[in-house]
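Per-entry structural report
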Amino acid sequence: MRFHFALALQALWTAVCQAAMQHYPAAWGHYDVCKSQVYTDEGLTWDYMACQPEATDMTKFLKVTLDPPNITCGDPPETYCALENPYMCNNECDASTDELAHPPHLMFDIEGRNPTTFWQSTSWKKYPKALLVNLTLSWNKTIELTDDIVLTFESGRPEQMVLEKSLDYGRTWQPYQFYATDCLDAFTMEPKTVQDLTQHTLLDIICTEDYSRGYVWKNDKTVRFEIKDRFALFAGPRLHNMASLYGQLDTTKNLRDFFTITDLRIRLLRPATGATMVDETNLSRYFYAISDIKVQGRCKCNLHAISCVYDKDKLGCECEHNTTGPDCGRCKRNYQGRAWSAGSYLPIPKGTANICIPNNIGPVIRPNVSSLGVANRKEARVCDNELLRCQNGGVCVNNVRCNCPATYSGLLCEKSRCSSELGGCRGPDSGQAPLTPPSAFRLLLLLLLGSVLLGEAAML
């Protein structure tokens, strides 16, 4: 009787743990472990997992350039008037004096200083010619964004601005988002917000008026590119279901590339004017000034590294899984037994390492019966019980091929069969059940079972 009770109690505990894991998937998907030792029937062996570096402040590793290069104020020295008060003209900029200089690196220094430090442009002294400034942030490394990009302006937010990204180290650019007081007038685009986006329109480029319209100089300082709101389209409003997001990033290349950059460019097209006509008699009121830029992210290591190091002014992944390269994007020499592949977030929670294997594993000679009689044929060894284990529940057949479950394909069952379209891997026909919290009915049944078992225990 006690034995049956113990078995039932163990089953209840397992079910409750599974329910808790489904309800709190935010704890999943860190992928901060690359391998661990496990005991199997064959003895102690390595269990390889996907991994990635922790997210951090990426502004510590960037290089900033300005175009035109002489756009920073202070050479020659200038006096500026306050935008909200044209008669208060006691702000000086002098590049030859440390206390009065406003160089670009002040956009990335420690916040909280008093007085606030900031970069500042020259004034709009050539009005009506546009005051155009390009700020380019370069990492010389592929990085993945993990939080909102936030710009803090000390001169009023620009009335027109474009945020752009590059994936090829600044050779080509594509817009991330447009900002304007009037999107139709500035960019011939209907105004939208990120709340207007859906899973299927997430990759749309929008123009927003949220960060340009209205003018309260002391309060409205920040301009955002909303990364977390886009994540929430898959992971829920509080990002509880990160497993769903990771699954989408794993199976949809365009979505993964959307949050991946090598460079950012901030194109400042028109400064704040205080929502009034430009005062041509006092152009020293109009300029750009940025006190802080926040870019949170991680090195892209293709789920093959747990850390990224900054050495000799360059970022690089500390590659594992027998991979190499700045992004762990190829197999090491003598470890090209199969084609390189990025690690996978799937299956949740530990992912798939897709390690590079030694060249000397396979081929092997196996007998084969042909239609013309018995002959020997060379067959490459695809799987075994150690380095070449079938993934996602696949079964190795004679060390030659993996017999994969219906929802996976590939040599080692490493590929999901679900659609590559946005939302496809949680669709009704994908073969992958959506990750949802356990129903109230299921939890009630578990609690009732627990009550019965506890009552039975008390009677023993």
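Calculation notes
Residues numbered from 1 in each chain as written. Predicted model: local features only at pLDDT ≥ 70, side-chain atom pairs only at ≥ 80, totals over all residues. Heavy atoms only, no water. Helix = DSSP H or I, 4+ residues; strand = E, 2+ residues; numbered from the N terminus. Buried < 20%, exposed > 50% of the residue type's maximum accessible area, 1.4 Å probe, protein only. Areas by Shrake-Rupley, 256 points an atom, 1.4 Å probe, with all protein chains shown as cover. Axes fitted to C-alpha atoms, helices over the stretch in contact; angles between N-to-C directions. Parallel < 35°, antiparallel > 145°, perpendicular 65-115°, else oblique. Contact = heavy atoms within 4.5 Å. Nonpolar A, V, L, I, M, F, W, Y, C, P; charged D, E, K, R; others polar. Phe/Tyr/Trp six-rings, centres within 6.5 Å; stacked < 30°, edge-to-face > 60°. Core = buried A, V, L, I, M, F, W, Y, C linked by side-chain atoms within 4.5 Å. Pairing = 2+ DSSP bridges. Disulfide = S-S within 2.5 Å.

Further remarks concern the overall build of the chain. Broken down by element type, the chain carries six helices and 26 strands. Looking at the 460 residues of the chain, the share that counts as buried comes to 46%. Of the roughly 24500 Å² of accessible surface on the chain, 53% is carried by carbon and sulfur atoms.

Attention shifts here to the packing of helix α3 (residues 227-235) against helix α4 (residues 242-251). Between α3 and α4, whose axes approach to 7 Å, the crossing angle comes to 100°. Regarding the angle of α3 to α4, the classification is roughly perpendicular. On α4, the residues touching Phe231, Phe234 and Ala235 of α3 are Met242, Ser244, Leu245 and Gln248. Taken together, the residues of the contact of α3 with α4 break down into five nonpolar, two polar and no charged.

With that settled, consider the packing of aromatic side chains. The geometry of an aromatic ring pair comes down to the distance between the two centres and the angle between the two planes. Going through the model one piece at a time under the given rule, you end up with twelve aromatic pairs. A ring pair is formed by tryptophan 124 and tyrosine 286, whose centres lie 6.2 Å apart and whose planes are at 85°; its orientation type is edge-to-face. One end of the pair, tryptophan 124, is in the loop between β7 (119-120) and β8 (133-145); the other, tyrosine 286, is in the loop between β14 (260-270) and β15 (289-294), and 162 residues separate them in sequence. Like tyrosine 286, tryptophan 124 is buried. Measuring from centroid to centroid gives 4.4 Å for tyrosine 246 and tyrosine 345, while their planes differ by 35°, and the two rings are tilted. Placement of the pair is tyrosine 246 in helix α4 and tyrosine 345 in the loop between β20 (330-331) and β21 (364-370), with a sequence separation of 99 residues. Of the two residues, tyrosine 246 and tyrosine 345, both sit in the buried class.

Now for the nonpolar core. Formed by 63 residues in total, the largest nonpolar core has its most connected members in Trp119, Leu135, Trp139, Leu264, Leu268, Ile293 and Val295. A total of six residues in this core trace back to one element, the largest contributor, which is β8. When near neighbours in sequence (up to four residues on either side) are disregarded, isoleucine 293 contacts Thr59, Met107, Phe108, Leu137, Val150, Leu151 and Ile266.

Its place among the elements puts cysteine 396 in strand β23 (residues 395-397). Taking the relative accessible area as the measure of exposure, cysteine 396 reaches 24% and is therefore partly exposed. Spatially, the C-alpha atom of cysteine 396 lies 8.7 Å from that of leucine 412, the residues being 16 residues apart in sequence.

Okay, the sheet that holds β7 next. Strand order in this open sheet of four strands is β7-β15-β9-β13, and the pairing throughout is antiparallel. The open sheet is flanked by β7 and β13 (222-225), the only strands paired with a single partner. In this sheet, β15 lies alongside strand β9 (residues 149-153) in antiparallel orientation, the contact comprising four bridges. Among the inter-strand pairings, valine 150 is bridged to a residue of β15, identified as lysine 294.

What follows is about α3. Within α3, the full set of buried residues consists of Ile227, Arg230, Phe231, Ala232, Phe234 and Ala235. At its buried positions, α3 is contacted by β8, β9, β11 (174-180), β13, α4 and α5 (253-258). At the C-terminal side of α3, glycine 236 shows a positive phi close to 90°.

Looking now at the pairing of β11. Counted residue by residue, β11 has five buried out of seven residues, so it is predominantly covered. Here strand β10 (residues 160-166) pairs with β11 via six bridges, running antiparallel. Each residue of the ladder has a partner; that of methionine 161, found in β11, is tyrosine 179. Bridge count between β11 and strand β12 (residues 207-208): two bridges; the pairing is parallel. Within β12, the position partnered with tyrosine 179 by the bridge is threonine 208.

Moving on to the state of the cysteines. Applying the stated criterion across every chain, the model contains eight disulfides. Disulfide pairing is shown between cysteine 81 and cysteine 89; the S-S distance is 1.9 Å. Measuring the twist about the S-S bond at about 95°, one finds the cysteine 81-cysteine 89 disulfide to be right-handed. Among the residues examined, cysteine 81 registers a relative accessible area of 5% and is labelled buried. The disulfide partner of cysteine 331 is cysteine 356, and the gap between their sulfur atoms is 2.0 Å. Between cysteine 331 and cysteine 356 the disulfide shows an S-S torsion of about -75°. By sign, it is left-handed. On the criterion of sequence distance, the pair formed by cysteine 331 in strand β20 and cysteine 356 in the loop between β20 and β21 is long-range, its members being 25 residues apart. Grouping residues by exposure puts cysteine 331 and cysteine 356 together as buried.

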